[in-house]
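Coordinate inspection notes
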Amino acid sequence: IVKITSIKINDEEPVGLKCSETGAVNVTEMRHINLPWSQNTVTFEFVAIEYSDPANNQLRYFLKGVDKDTVTLAKGEPGFARYSNMTFGTHTLWLQGANSDGVWGEPVQVLKITIRPPFFLNPWFLSISVLVLAASIYAFVRWRIRQVQEKAALNTRAVENKMAALRAQMNP
């Protein structure tokens, strides 16, 4: 049996961390944690529980979405994994333990980690940003057209006034 014994977020003990599926606050009972994009460095400590010769237990782990292959630790080496700058999305941590005889247990999906995207990448924010940008461009174009029309109207009146002055000079 493999269990997580500690989780650190951004290299600090998290305050108020709980499972988003079950509401559990005990690290060994957590199945899914949900984190904001600014908390994207996660450290795990884990152990294989087998009491016949615990100094020769062996561990391996794999974080789906980050690791390309399984990471196998040496016999007796403590279970420790640190992932920094994780991308947003859902990642699944798989752990597997072997007893002192080298017999591996079944790989166990221990924890899902969801890193939420930053607010400026959320669809609602992008939609609002596009609408505000489009409205700003539309307002600028309408303002510029009105400005050009007013200038053209002033030029037309100036020309008409000059023509009227010339006519007045020509007609005695």
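Residues numbered from 1 in each chain as written. Predicted model: local features only at pLDDT ≥ 70, side-chain atom pairs only at ≥ 80, totals over all residues. Heavy atoms only, no water.

Considerations on the sheet that holds strand 6 (residues 79-83)
Within a sheet, each strand pairs with its neighbour through backbone hydrogen bonds, oriented either parallel or antiparallel. Note the following rule: Pairing between strands is defined by DSSP: at least two bridges between the two strands are required. Elements are defined by DSSP. Helices are runs of H or I of four residues or more, strands are runs of E of two residues or more, and each kind is numbered from the N terminus. In this analysis an axis means a line fitted to C-alpha atoms, helices contributing only their contacting stretch, and an angle means the value between N-to-C directions, from 0 to 180 degrees.
Ordered by their spatial adjacency, three strands build an open sheet running 1-3-6, and the pairing between neighbours is antiparallel. Bordering the open sheet on either side are strand 1 (2-9) and strand 6, each of which pairs with just one other strand. Here the average twist between neighbouring strands, direction ignored, is 20°. Relative to strand 3 (residues 42-48), strand 1 is paired through seven bridges, and the arrangement is antiparallel. Residue pairing across strands places K8 opposite T43, the latter belonging to strand 3.

What about the sheet that holds strand 2 (residues 32-35)?
One open sheet accounts for five strands, arranged 2-8-7-4-5; its pairing is mixed. The two strands at the open ends of the sheet, each matched to only one other strand, are strand 2 and strand 5 (71-72). The sheet contact formed by strand 4 (residues 58-64) and strand 7 (residues 89-98) spans seven bridges and is antiparallel. Bridged to L63 within strand 7 is L93.

Considerations on a nonpolar patch on the surface
Rules: Residues enter patches when their relative accessible area tops 30% and they take part in no salt bridge; the joining distance is 9 Å for like charges and 5 Å for the nonpolar side chains Val, Leu, Ile, Met, Phe, Trp and Tyr. Note that accessible areas follow from Shrake-Rupley with a 1.4 Å probe, and for residues the cover is restricted to the protein chains shown. Criterion for a salt bridge: a side-chain nitrogen of Lys or Arg within 4 Å of a carboxyl oxygen of Asp or Glu.
Where nonpolar side chains cluster on the molecular surface, the patch consists of W37, F88, F119, F120, L121, W124, I128 and V132 and spans about 820 Å² of accessible area. Here W124 lies in helix 1 (residues 123-170).

Overview of the pairing of strand 8 (residues 108-115)
Here strand 2 pairs with strand 8 via four bridges, running parallel. Looking at the pairing, I33 lines up with I113 of strand 8.

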